[in-house]
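Inside the fold
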Amino acid sequence: MPNPRLTGLGSGLFCGALMFALGCLDQLLFGASLVVYGVLFLPVCALTAVWVRRGDLVSAPVVVPIAFTFGLLPIADDSGGGVGGRLMGLVTTLAVEAGWLYGGTLVAGLIVTVRKVRLMSRRAAQRRAQTPVRRRPT
């Protein structure tokens, strides 16, 4: 399995581009099924949280909701047409599919939190190993 380390911007571009591509694919293959889109969103959130580098961990839970919205552009369309219809369809879809959005953000947040806790405990163990042990004179 590849082990890329994405910056905050890179993770946003990765997640956004992948969700847009999956939205287009969902439109073509499944007729804009929001359930399929939501199910595909969860592993993208997990990959984004796993592949973001240590210094940019906080960016993963921020970029996944933006990518979810960006990926909805090819799917969400109100029958009214035009820019207003597409915008109304996007807002309606975001309101109706908020569960997938919250779930993916939660997945990314949990993975990032576990990675941060492990990083902090590893650093604390290194500091303890480098600190000389002082003994009291007897």
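All of the points below concern the structure found in this document. (Residues numbered from 1 in each chain as written. Predicted model: local features only at pLDDT ≥ 70, side-chain atom pairs only at ≥ 80, totals over all residues. Heavy atoms only, no water.)

1. Some details on the overall build of the protein
When its secondary structure is counted, the protein shows 5 helices and 0 strands. Overall size of the protein, expressed as C-alpha extent along the three principal axes, is 85 × 30 × 20 Å. Taking all 138 residues of the protein together, 32% fall into the buried category. Sequence-distant contacts, at least 24 apart, represent 74% of the contacts inside the protein between residues at least 6 apart. Entry remark: accessible area of the protein is about 8700 Å², with carbon and sulfur atoms responsible for 67%. Separation between the mean location of the 14 positive side-chain charges and that of the 5 negative ones in the protein comes to 36 Å. (Helix = DSSP H or I, 4+ residues; strand = E, 2+ residues; numbered from the N terminus. Buried < 20%, exposed > 50% of the residue type's maximum accessible area, 1.4 Å probe, protein only. Contact = heavy atoms within 4.5 Å. Areas by Shrake-Rupley, 256 points an atom, 1.4 Å probe, with all protein chains shown as cover. Lys, Arg positive; Asp, Glu negative; His and termini not counted. Charge placed at Lys NZ, Arg CZ, Asp CG, Glu CD.)

2. Comments concerning the nonpolar core
Cys15, Met19, Tyr37, Phe41, Val64 and Phe68 are the most contacted members of the largest nonpolar core, which totals 21 residues. It is helix 2 (residues 34-51) that provides the largest number of residues to this core, a total of 5 residues. Apart from the residues lying within four places of it in its own chain, the contact partners of Met19 are Tyr37, Phe41, Val44, Ala67 and Gly71. (Core = buried A, V, L, I, M, F, W, Y, C linked by side-chain atoms within 4.5 Å.)

3. Looking at helix 1 (residues 8-30)
Helix length check: helix 1, at 23 residues, gives a terminal C-alpha distance of 31 Å against a target of 33 Å (1.5 Å per residue), a fit within 8%. Three or more residues of helix 1 are buried, namely Gly8, Ser11, Cys15, Gly16, Met19, Leu22, Gly23 and Asp26. In the core, the buried residues of helix 1 are packed alongside helix 2 and helix 3 (60-71). (Expected span 1.5 Å × (residues − 1).)

4. Focus on the environment of Val112
Along the polypeptide, Val112 turns up in helix 5 (residues 98-130). Using a relative accessible area of 8% as the deciding quantity, one classes Val112 as buried. For Val112 and Asp56, which are 56 residues apart along the polypeptide, the C-alpha to C-alpha distance reads 9.7 Å. Setting aside residues no more than four positions away along its own chain, Val112 makes contact with Ala49, Leu57, Ala60 and Pro61.

5. With respect to the side chain of Ser11
Looking at where Ser11 falls in the secondary structure, it is placed in helix 1. According to the relative accessible area criterion, Ser11 is buried, its value standing at 0%. Once residues lying within four places of it in the same chain are set aside, the contact partners of Ser11 are Leu6, Thr48, Val52, Ser59 and Val63.

6. Considering the pattern of salt bridges
Inspection of every chain in the model, using the stated rule, returns 1 salt bridge. We note a salt bridge from Asp56 to Arg53, for which the minimum N-O separation is 2.8 Å. (Salt bridge = Lys/Arg side-chain N within 4 Å of Asp/Glu carboxyl O.)

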